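Residues per chain, in single letters:
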Amino acid sequence: MMNPTEFSPLPKEERLTRPLNRVGHNMCQQRWYRGRTLFRPCDERGFCIDWHLNQRTGGKFMSQRETYCLIGAGAMAEAILSGLLKNKRASAEQIRLINRENADRLRQMESAYGIRCPRQKEKAIADANTIILAVKPKDMDQVLKQYKDDIRPGQRVISVAAGISTSFIEERLPRGTTVIRAMPNTSSMIGRSATALCGGAYATEEDLNSASATFSSIGSVVRVEEKDMDAVTGLSGSGPAYIYYLVEGLERAGVNAGLSHPVARQLTLQTLVGAAHMLLETGEDPAQLRHKVTSPGGTTMAGVQSLADHDFHQTLITAVKRAQKRSKELASPCPLRHCADDPV
Ligand SMILES: NC(=O)c1ccc[n+]([C@@H]2O[C@H](COP(=O)([O-])OP(=O)(O)OC[C@H]3O[C@@H](n4cnc5c(N)ncnc54)[C@H](OP(=O)(O)O)[C@@H]3O)[C@@H](O)[C@H]2O)c1
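Keep in mind that what you see is a predicted model, and the values were worked out from it rather than measured.

**Remarks on the sheet that holds strand β7 (residues 156-159)**
In a beta sheet, neighbouring strands are held together by backbone hydrogen bonds and run either parallel or antiparallel to one another.
Moving on, step 1. The strand order across the open sheet built from seven strands is β5-β4-β6-β7-β8-β9-β10, with neighbouring strands paired in mixed fashion. For this open sheet the edge positions go to β5 (95-98) and β10 (219-223), each flanked by a neighbour on one side alone. Each strand of the sheet is rotated relative to its neighbour by a mean of 25°, with strand direction disregarded.
Moving on, step 2. Note that strand β4 (residues 68-71) and β5 share four bridges and pair parallel. Paired with Tyr 68 across the bridge in β5 is Ile 95.
Moving on, step 3. Taken strand by strand, helix α9 (residues 229-237) contacts β8 (178-183) and β9 (193-199), and its axis lies near 35° from that of β8.

**Here's the deal with the site of the ligand**
Moving on, step 1. Of all residues adjacent to the ligand, which total 31 residues, the nearest are Gly 72, Gly 74, Met 76, Asn 99 and Ala 161.
Moving on, step 2. Residue assignment for the shell around the ligand shows that the elements contributing at least two residues are α3 (75-86) and α6 (140-147).
Moving on, step 3. Of the residues assigned to the shell around the ligand, the class counts are 16 nonpolar, nine polar and six charged.

**Observations regarding the pairing of β7**
Moving on, step 1. Of the two faces of β7, the one carrying Arg 156 and Ile 158 and the one carrying Val 157 and Ser 159 are both buried.
Moving on, step 2. Relative to β7, strand β6 (residues 130-133) runs parallel, the two sharing four bridges. Of the residues in β7, the one forming a bridge with Ile 132 is Ile 158.
Moving on, step 3. Handedness of the β6-α6-β7 crossover: right-handed.

**Observations regarding the packing of helix α10 (residues 239-256) against helix α11 (residues 261-282)**
Moving on, step 1. Packing of α10 against α11 leaves a shortest axis separation of 8 Å and a crossing angle of 135°. One finds that α10 runs oblique with respect to α11. The element α10 and its partner α11 pack so that their crossing is right-handed. Of α11, the residues touching α10 (which contributes Val 247, Leu 250, Glu 251, Gly 254 and Val 255) are His 261, Ala 264, Arg 265, Leu 267, Thr 268 and Leu 272.
Moving on, step 2. Residues belonging to the contact of α10 with α11 are distributed by class as follows: six nonpolar, three polar and two charged.

**Observations regarding the confidence of the model for the protein**
Moving on, step 1. Across the protein, the average pLDDT comes to 84, with 78% of residues at or above 70.
Moving on, step 2. Low pLDDT (under 50) marks residues 1-52, which in the prediction has 61 contacts with non-local residues, meaning those over four places away or in another chain.

Rules of the game
Residues numbered from 1 in each chain as written. Predicted model: local features only at pLDDT ≥ 70, side-chain atom pairs only at ≥ 80, totals over all residues. Pairing = 2+ DSSP bridges. Helix = DSSP H or I, 4+ residues; strand = E, 2+ residues; numbered from the N terminus. Axes fitted to C-alpha atoms, helices over the stretch in contact; angles between N-to-C directions. Contact = placed C-beta atoms within 7 Å. Near = placed C-beta within 6 Å. Nonpolar A, V, L, I, M, F, W, Y, C, P; charged D, E, K, R; others polar. Buried ≥ 20, exposed ≤ 12 C-beta atoms within 10 Å, placed from the backbone. Right-handed = clockwise from strand over helix to strand, strands pointing away. Parallel < 35°, antiparallel > 145°, perpendicular 65-115°, else oblique. Left-handed = near helix turned anticlockwise from the far one by under 90°. pLDDT = per-residue confidence, 0-100.

Written out as structure tokens, the structure reads:
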């Protein structure tokens, strides 16, 4: 949810008397300028209109005329657009989807979600407020070359391509174009992504708020500095696979201890879900929760001690570090080097 303290209130007397220029497409996006200074429409307390709408809808107001064009119609694009629809961040009329050539995929998406996949790709891009680049990193250069004339400053360009920097995109688009880089993970398919995002050279606070709202429809969002994006890739980008690996290991351990595989799976999964909810709902530190369930000399202590003896934490630290390093290698010095690879 937006923080009301981020908005500049326009003094009441000036709001009533001074003529202001209004730009932008709708109530949620409009910007008010006096001279060269940007103001937002606020109430007496300085709470902007977006904040009020968010309050009323629990942070899920639908911006009536915000229009999205997703370039790329793969798994990630589907996760994002289904999240936008499910959370009523956008209606089907507000979403356009285009790809390179797979017409069957577009027809399938049209019938599943009621969105439009127009033949006139350039127009779909030019008409959108927010353009989401959901293509593989290796295709990014070509996509930007292909559509650079249809993108203009004032539109928001959000890339989810792993390893592609905001400057890489900015250099290929008209000067001043807002670029935001986001790193969701595969749990976005069920609206449970852990997404990190950062802004490029021209992204404003408002742009970042808007991008955060977009990605909050497919899970949680944190803002980071761009230099930390490789660490994000190593932790939450690759993280679901670490957890799957952990589950595989616990299942094997259960079977090894004498349980049937279905029973071991059910117990492992519910233990994972329960522990995750305990962390989220109590807000307690994981170490605190662990201490609470670990009686001296008890069974849990024996198990945890064995993990510690085998450097469990150090193993995880090494895993994230290696993935972070690999992300750096694949993304630099030229993002085009990883022609056949996707860092995630
Ligand atoms: N999957 C994840 O969990 C995950 C997590 C974080 C980030 N990401 C990022 O998300 C991006 C997309 O991943 P994905 O798994 O959704 O990929 P994907 O399933 O391979 O889809 C890629 C899409 O890009 C389209 N495309 C390629 N060139 C194009 C062009 N010139 N013009 C228009 N469309 C073009 C393809 O169209 P055609 O099919 O017609 O060729 C296809 O629809 C990647 O950059 C990846 O790094 C993914």
